[in-house]
Amino acid sequence: MTSTVPPAVPHTGARPPITMFGPDFPYAYDDFLAHPAGLGQIPATEHGAEVAVVGGGLSGIVTAYELMKMGLKPVVYEADQIGGRLRTVGFDGCDPALTAELGAMRFPPSSTALQHYIDLVGLETRPFPNPLAESTPSTVVDLKGESHYARTLADLPDVYRQVADAWNACLEEGADFSDMNRAMRERDIPRIREIWARLVERLDHQTFYGFLCASDAFRSFRHREIFGQVGFGTGGWDTDFPNSILEILRVVYTEADDHHRGIVGGSQQLPQRLWERAPGKIVHWTQGTSLATLHGGAPRPAVTRLHRTAGNRVTVTDASGDIRTYRAVVFTAQSWMLLSKIACDDALFPIDHWTAIERTHYMESSKLFVPVDRPFWLDKDEVTGRDTMSMTLTDRMTRGTYLLDDGPDRPAVICLSYTWCDDSLKWLPLSAHERMEVMLASLGEIYPNIDIRGHIIGNPVTVSWENEPYFMGAFKANLPGHYRYQRRLFTHFMQDRLPEDKRGIFLAGDDVSWTAGWAEGAVQTALNAVWGVMHQFGGSTDAGNPGPGDVYESIAPVELPED
């Protein structure tokens with residue numbers, strides 16, 4: 001895929017691929033998963049012991065799946081449906097093959113631990129039609145009432161190339177981009193840690209926008225404005241401008257916002273297939289055992305209370321009134337659930353961890369999809385020879401419009417609008433049909449001769465993640481000064497450093513990870529929690545395949561002073 005603004009270092013076949021290896025915790029989760037020795041083992045005396053897993057999203061299902069393989073008995077609690085923010089829905093009355101991805105819909109190749117599970121369950125991926133991607137027939141950039149049609153960055157006016165150059169220069173001068181990119185490709189842990197320690201100390205207080213303004217390359221407000229509205233990779237990033245620049249650097253170093261692929265048939269299939277899958281290699285349980293069979297086909301209902309009981313146990317109450325006590329609980333739902341939807345004892349976590357949970361900052365996000373009779377956007381304009389309609393980036397209400405099809409003669413789907421933060425909040429009071437009407441009016445200004453409405457064959461589907469009762473936001477995004485909080489949450493799986501009466505509950509999920517918003521973070525923190533639970537039950541990893549906790553001391557995230 002080609003970014004709207006290309007990466008600072010062009011791709012060449014000679015270099016190793018980039019992966020989400022660091023920068024905060026440079027551990028090779030993909031190698032850990034691929035090793036024939038497996039993730040570890042527990043003493044036979046512990047086989048069959050129950051472990052609660054709160055949340056049936058990707059992180060929870062990966063956690064449960066791997067604990068089951070070790071011989072433990074995961075008990076999954078899920079308030080809604082298996083999948084979490086991997087949520088694929090259909091359109092009433094339409095071909096079941098027509099689906100909309102209300103949550104995660106595009107994944108970078110650098111997500112190599114995620115790819116392990118995609119391959120494991122036999123799912124296929126295909127290029128996602130991001131702005132100016134090779135797989136995208138065309139892109140329209142519409143700013144301040146002026147539209148530009150393009151297939152590549154070179155087709156846009158020169159000011160866009162100036163913005164691309166400014167971003168590359170800003171990254172190089174302010175964030176050692178080339179050095180870090182090279183170190184991460186080569187998995188040079190000392191070099192990664194050296195560069196990142198310096199940057200964390202210098203930039204933890206800095207916003208994304210402040211980082212741009214500090215660069216001579218972005219001294220032009222016009223360039224900053226265009227960059228915010230058009231951006232790189234997936235489009236405009238001005239909604240991220242108040243966030244910590246460290247969050248953005250994690251994305252660009254790992255190319256997480258580039259080369260995206262979608263899962264054929266929908267992303268929710270991944271956790272659903274893991275739920276149903278019987279592992280080929282399993283301890284204690286009979287061959288053919290799956291998470292589904294262990295649960296009688298359905299997970300336990302929503303958790304309503306978590307509290308500590310004698311013997312450093314954690315007691316879980318669910319919506320049915322059932323009360324069970326566990327030696328270990330893995331909490332994978334979004335952390336704000338612990339502040340509101342679930343009654344919790346203060347004793348669950350140390351006070352500094354509660355502070356980190358309370359200070360977690362979430363991004364809002366909204367989408368709306370409509371089914372259409374065919375991919376009419378591939379029709380050619382008789383006068384210009386251009387596509388009738390294109391993937392669209394605009395400063396109008398819709399912001400990002402994506403065109404999704406499986407071929408010229410089949411029904412297709414349009415994501416009329418994909419927005420973030422304040423742009424998402426603008427949609428919140430409106431129903432799905434009201435949203436659609438505003439979106440069609442907005443796109444009608446860009447494509448005055450196209451009857452989009454005439455191609456719609458079913459009702460719209462929409463989501464505002466900030467309004468979803470079990471999510472309250474799309475994903476975590478640290479604000480300046482939040483690095484210390486994030487470190488506390490990520491490192492929580494290292495329970496030996498906690499007081500004994502604060503052990504036994506493990507945090508996981510993408511909002512605990514350094515790469516929130518990316519499914520890779522959900523997988524990585526799940527594997528951290530699996531190691532933590534294994535360790536608590538007296539288990540260990542194979543000497544040839546040390547886990548994240550085994551090597552923690554040598555690669556621990558930078559620790560900033562508290563005073």
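Residues numbered from 1 in each chain as written. Predicted model: local features only at pLDDT ≥ 70, side-chain atom pairs only at ≥ 80, totals over all residues. Heavy atoms only, no water.

Participant: I tried to follow the overall build of the protein on my own but got confused; where do I start?
Facilitator: Secondary structure summary: the protein contains 17 helices and 21 strands in total. Whereas a compact globule of 563 residues would reach a radius of gyration of roughly 24 Å, the protein reaches 24 Å, a difference of no more than 12%. The principal-axis extent of the C-alpha atoms belonging to the protein is close to 75 × 55 × 45 Å. A sequence separation of at least 24 residues applies to 73% of the contacts in the protein between residues at least 6 apart. Carbon and sulfur atoms make up 50% of the accessible area of the protein, which amounts to about 21300 Å² in all. Of the charged side chains in the protein, 50 are positive and 73 negative, and the gap between their average positions amounts to 2 Å. (Helix = DSSP H or I, 4+ residues; strand = E, 2+ residues; numbered from the N terminus. Rg over C-alpha atoms; globule rule 2.2 N^0.38 Å. Contact = heavy atoms within 4.5 Å. Areas by Shrake-Rupley, 256 points an atom, 1.4 Å probe, with all protein chains shown as cover. Lys, Arg positive; Asp, Glu negative; His and termini not counted. Charge placed at Lys NZ, Arg CZ, Asp CG, Glu CD.)

Participant: I tried to follow the confidence of the model for the protein on my own but got confused; where do I start?
Facilitator: Note: predicted coordinates in regions of low pLDDT should not be interpreted at a detailed level. Put simply, the protein has an average pLDDT of 95, and 97% of its residues get 70 or more. In the model, residues 1-12 has pLDDT below 50 throughout and makes 45 contacts with residues more than four positions away in sequence or in other chains. (pLDDT = per-residue confidence, 0-100.)

Participant: What should I look at first to understand the pairing of strand β11 (residues 323-326) in this one?
Facilitator: In this structure, strand β10 (residues 313-318) lies alongside β11, joined through four bridges in antiparallel fashion. When the bridges of β11 are listed, V316 appears paired with R324. (Pairing = 2+ DSSP bridges.)

Participant: I would appreciate a short explanation of unusual backbone geometry in the present structure.
Facilitator: Between G22 and the following residue, P23, the backbone shows a cis peptide bond with an omega angle of 10°. Mapped onto the fold, P23 is located in the segment before α1 (29-34). For L132, which is not glycine, the phi dihedral falls at a positive 60°. In this structure, L132 sits in the loop between β5 (125-127) and β6 (139-143). Its identity is not glycine, yet E255 carries a phi of approximately 55°, on the positive side. Of note, E255 is situated in the loop between α9 (245-253) and β8 (261-263).

Participant: What is the right way to read the sheet that holds strand β19 (residues 461-464) from this model?
Facilitator: The strands that make up a sheet pair up through hydrogen bonds in the backbone, lying either parallel or antiparallel. The sheet built from seven strands is open, its strands ordered β7-β6-β16-β17-β18-β15-β19 with mixed pairing. The open sheet has two edge strands, β7 (146-150) and β19, and neither has a second partner. Taking the axes of each pair of neighbouring strands and ignoring which way they run, one obtains an average angle of 15° across the sheet. Two strands pair when backbone bridges link them, and β6 and strand β16 (residues 391-394) are joined in this way by four bridges, in the parallel orientation. Looking at the pairing, T139 lines up with M391 of β16. (Axes fitted to C-alpha atoms, helices over the stretch in contact; angles between N-to-C directions.)

Participant: Explain the packing of helix α6 (residues 189-203) against α9 to me, please; I cannot follow it from the model alone.
Facilitator: Packing of α6 against α9 brings their axes to within 10 Å, and their N-to-C directions diverge by 150°. The pairing of α6 with α9 is recorded here as roughly antiparallel in orientation. Taking contact as the criterion, the partners of W196, L199, V200 and L203 in α6 are, on α9, I245, L246, L249, R250 and Y253. Looking at the contact of α6 with α9 residue by residue, the classes come out as eight nonpolar, no polar and one charged. (Parallel < 35°, antiparallel > 145°, perpendicular 65-115°, else oblique. Nonpolar A, V, L, I, M, F, W, Y, C, P; charged D, E, K, R; others polar.)

Participant: Would you mind showing me how to read the pattern of salt bridges here?
Facilitator: It is possible for side chains of opposite charge to pair when their charged atoms get near one another. Scanning the model with the defined rule gives 34 salt bridges in all. Of the charged contacts in the structure, one is a salt bridge between R198 and D176, with a shortest N-O distance of 2.5 Å. Here the residue R198 occupies a position in helix α6, and D176 occupies one in the loop between α4 (158-175) and α5 (177-185), the gap between them amounting to 22 residues. Take R198: its relative accessible area is 38%, and that puts it in the partly exposed class. With a shortest N-O distance of 3.0 Å, E255 and R185 are connected by a salt bridge. With E255 in the loop between α9 and β8 and R185 in helix α5, the pair connects residues that are 70 residues apart, well separated along the chain. (Salt bridge = Lys/Arg side-chain N within 4 Å of Asp/Glu carboxyl O. Buried < 20%, exposed > 50% of the residue type's maximum accessible area, 1.4 Å probe, protein only.)

Participant: Looking at this structure, I do not really get the sheet that holds strand β9 (residues 303-309). What am I missing?
Facilitator: Strand order in the open sheet made by the four strands is β11-β10-β9-β13, with mixed pairing throughout. Of all the strands in the sheet, just β11 and β13 (343-344) have a single pairing partner and so form its edges. Bridge count for β9 against β13 is two bridges, and the pairing is parallel. Within β13, the residue paired with L306 across the bridge is C344.

Participant: What's the story with the packing of aromatic side chains in this structure? I'm lost.
Facilitator: The relative placement of two aromatic rings is captured by the distance of their centres and the angle of their planes. Taken as a whole and assessed by the stated rule, the structure comprises 30 aromatic pairs. Measuring from ring centre to ring centre gives 4.6 Å for W336 and Y362, while their planes differ by 75°; the resulting arrangement is edge-to-face. Placement of the pair is W336 in the loop between β12 (329-331) and β13 and Y362 in strand β14 (residues 362-363), with a sequence separation of 26 residues. With a centroid separation of 6.2 Å and an interplanar angle of 85°, the aromatic rings of F493 and Y552 are classed as edge-to-face. Of the two residues, F493 is situated in the loop between α15 (483-490) and β21 (505-507) and Y552 in helix α17 (residues 552-555); the sequence distance between them amounts to 59 residues. Taken together, the aromatic side chains of F25, Y27, Y29, F32, Y483, F490, F493, W514, W531 and Y552 make up a single cluster linked through ring pairs. (Phe/Tyr/Trp six-rings, centres within 6.5 Å; stacked < 30°, edge-to-face > 60°.)

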